[in-house]
Amino acid sequence: MDAGRVAFLAVAFLTHGAVGYALVRAFTDVDPAVGFVLGIVPDADFLFPAAWGMPFVHRGITHTLLFVVAVVAVTSPWRSPRRIGPASALAVGSHLVIDSGSAMGVAWLFPLGIRASGDLPVHGPAGTLALWGLSVGLLVWSGE
Ligand SMILES: [Zn+2]
């Protein structure tokens, strides 16, 4: 993988993490580090071997409503003394919302073949700046 691609992915991961951090910080009492980590988790699909194929591809199973529900179930209040479930939904959900704005989109309703997509440069310079601005705005608004 070339250095430009690595830099692009690093910025995209950090941006997803920043949005998750800010949302969890602004709207829950959970450690915002949870939001940072879970905001990036859907992109763990980059680690899937290419031979596995659909749905274990980039923007496959980890970018679906089913995955959001699974993460919330694993981190749900009855499994944790802290109320992490809603924070999990915010962080993972924000990742899917952001990716839904891109041309590639997200198959929220997998296994249905419907993809939500836009034509927004969500991972381009303007989109990245907008998402960081939103994140900083949320932190300022929430008193960070
Ligand atoms: Zn993603």
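Refer to the structure presented above.
Described in the following lines is the structure provided in the data block. Only a predicted model underlies this, so the values are computations on that prediction, with no experimental measurement involved.

## Overview of the overall build of the protein chain
Argument step 1. A count of helical and extended segments in the protein chain gives five helices and zero strands.
Argument step 2. N-terminal to C-terminal, the α/β element order of the protein chain is α-α-α-α-α.
Argument step 3. Taken over the C-alpha trace, the protein chain has a radius of gyration of 15 Å; the compact-globule value for 144 residues is 15 Å, and the two agree within 12%.
Argument step 4. Taken over 144 residues, the protein chain has a buried fraction of 43%.
Argument step 5. In the protein chain, of all internal contacts separated by at least 6 residues, the share reaching a separation of at least 24 is 54%.
Argument step 6. Carbon together with sulfur atoms contributes 75% to the accessible area of the protein chain, which is approximately 7700 Å² in total.
Argument step 7. Within the protein chain, one finds 7 positive and 8 negative side-chain charges whose respective centroids are separated by 8 Å.

## As for the packing of helix H1 (residues 3-27) against helix H5 (residues 125-141)
Argument step 1. Between H1 and H5, the least distance of the axes is 9 Å, while the angle of their chain directions is 25°. Considered as vectors, H1 and H5 are oriented roughly parallel to each other. The handedness of the crossing between H1 and H5 is left-handed. Of the residues in H5, those touching H1 at Val 11, Leu 14, Thr 15, Ala 18, Val 19, Tyr 21, Ala 22, Leu 23, Arg 25, Ala 26 and Phe 27 are Thr 128, Leu 131, Trp 132, Ser 135, Leu 138, Leu 139 and Trp 141.
Argument step 2. Of the residues that constitute the contact of H1 with H5, the class distribution is 14 nonpolar, three polar and one charged.

## Details of the side chain of Asp 45
Argument step 1. When you line up the elements, Asp 45 lands in the loop between helix H2 (32-40) and helix H3 (65-74).
Argument step 2. With no salt bridge to any partner, buried Asp 45 finds its closest opposite charge in Arg 59, at an N-O distance of 6.8 Å.
Argument step 3. At 2.9 Å, the side chain of Asp 45 and the side chain of His 58 are in polar contact.
Argument step 4. Side chain to side chain, Asp 45 and Thr 62 meet in a polar contact 3.0 Å long.
Argument step 5. Not counting residues within four places of it along the chain, the set of residues in contact with Asp 45 comprises Val 57, His 58, Arg 59, Gly 60, Thr 62 and His 63.

## A look at the packing of H2 against helix H4 (residues 85-100)
Argument step 1. Where H2 meets H4, the closest approach of the two axes is 8 Å, and the angle between their N-to-C directions is 35°. In this structure, H2 meets H4 at a crossing whose hand is right-handed. Seen from H2, the contacting residues are Gly 35, Leu 38, Gly 39 and Ile 40; seen from H4, they are Ser 88, Ala 91, Val 92 and His 95.
Argument step 2. Looking at side-chain class alone, the contact of H2 with H4 contains four nonpolar, four polar and no charged residues.

## Some words on the coordination of the zinc ion
Argument step 1. Coordination of the zinc ion by the protein involves Asp 43 (OD), His 63 (NE2), His 95 (NE2) and Asp 99 (OD), with metal-donor separations of 2.0 to 2.3 Å.
Argument step 2. Around the zinc ion, the four donor atoms are arranged such that angles at the metal cover 92 to 167°; this shape is classified as irregular.
Argument step 3. Sequence spacing of the donor residues for the zinc ion, all on one chain, is D-x19-H-x31-H-x3-D. In this pair, Asp 43 sits in the loop between H2 and H3 while His 95 sits in helix H4, placing the two residues 52 residues apart along the sequence.

## Section: a nonpolar patch on the surface
Argument step 1. Taken together, the side chains of Leu 65, Val 69, Leu 109, Leu 112 and Ile 114 define a hydrophobic patch exposed on the protein surface, amounting to about 450 Å² of accessible area.
Argument step 2. Looking at the secondary structure, you find Leu 109 in the loop between H4 and H5.
Argument step 3. Since its relative accessible area comes to 43%, Leu 109 is described here as partly exposed.

## Considering the pattern of salt bridges
Argument step 1. Scanning the entire structure with this criterion turns up one salt bridge.
Argument step 2. Salt-bridge contacts for Arg 59 lead to Asp 99; the nearest nitrogen and oxygen are separated by 3.3 Å. Placement of the pair is Arg 59 in the loop between H2 and H3 and Asp 99 in helix H4, with a sequence separation of 40 residues. Taken individually, Arg 59 and Asp 99 each receive the classification buried, so the pair is uniform in this respect.

Reading the values: rules and limits
Residues numbered from 1 in each chain as written. Predicted model: local features only at pLDDT ≥ 70, side-chain atom pairs only at ≥ 80, totals over all residues. Heavy atoms only, no water. Helix = DSSP H or I, 4+ residues; strand = E, 2+ residues; numbered from the N terminus. Rg over C-alpha atoms; globule rule 2.2 N^0.38 Å. Buried < 20%, exposed > 50% of the residue type's maximum accessible area, 1.4 Å probe, protein only. Contact = heavy atoms within 4.5 Å. Areas by Shrake-Rupley, 256 points an atom, 1.4 Å probe, with all protein chains shown as cover. Lys, Arg positive; Asp, Glu negative; His and termini not counted. Charge placed at Lys NZ, Arg CZ, Asp CG, Glu CD. Axes fitted to C-alpha atoms, helices over the stretch in contact; angles between N-to-C directions. Parallel < 35°, antiparallel > 145°, perpendicular 65-115°, else oblique. Left-handed = near helix turned anticlockwise from the far one by under 90°. Nonpolar A, V, L, I, M, F, W, Y, C, P; charged D, E, K, R; others polar. Salt bridge = Lys/Arg side-chain N within 4 Å of Asp/Glu carboxyl O. Polar contact = N/O pair within 3.5 Å; in protein donor to acceptor, adjacent residues only side chain to side chain. Donors = N, O, S within 2.8 Å, 3.2 Å for Na, K, Ca; no water. Tetrahedral: all angles 85-135°; square planar, octahedral: opposite > 155°, others 65-115°. Patch = residues over 30% accessible without salt bridge, like charges linked within 9 Å, V, L, I, M, F, W, Y side chains within 5 Å.

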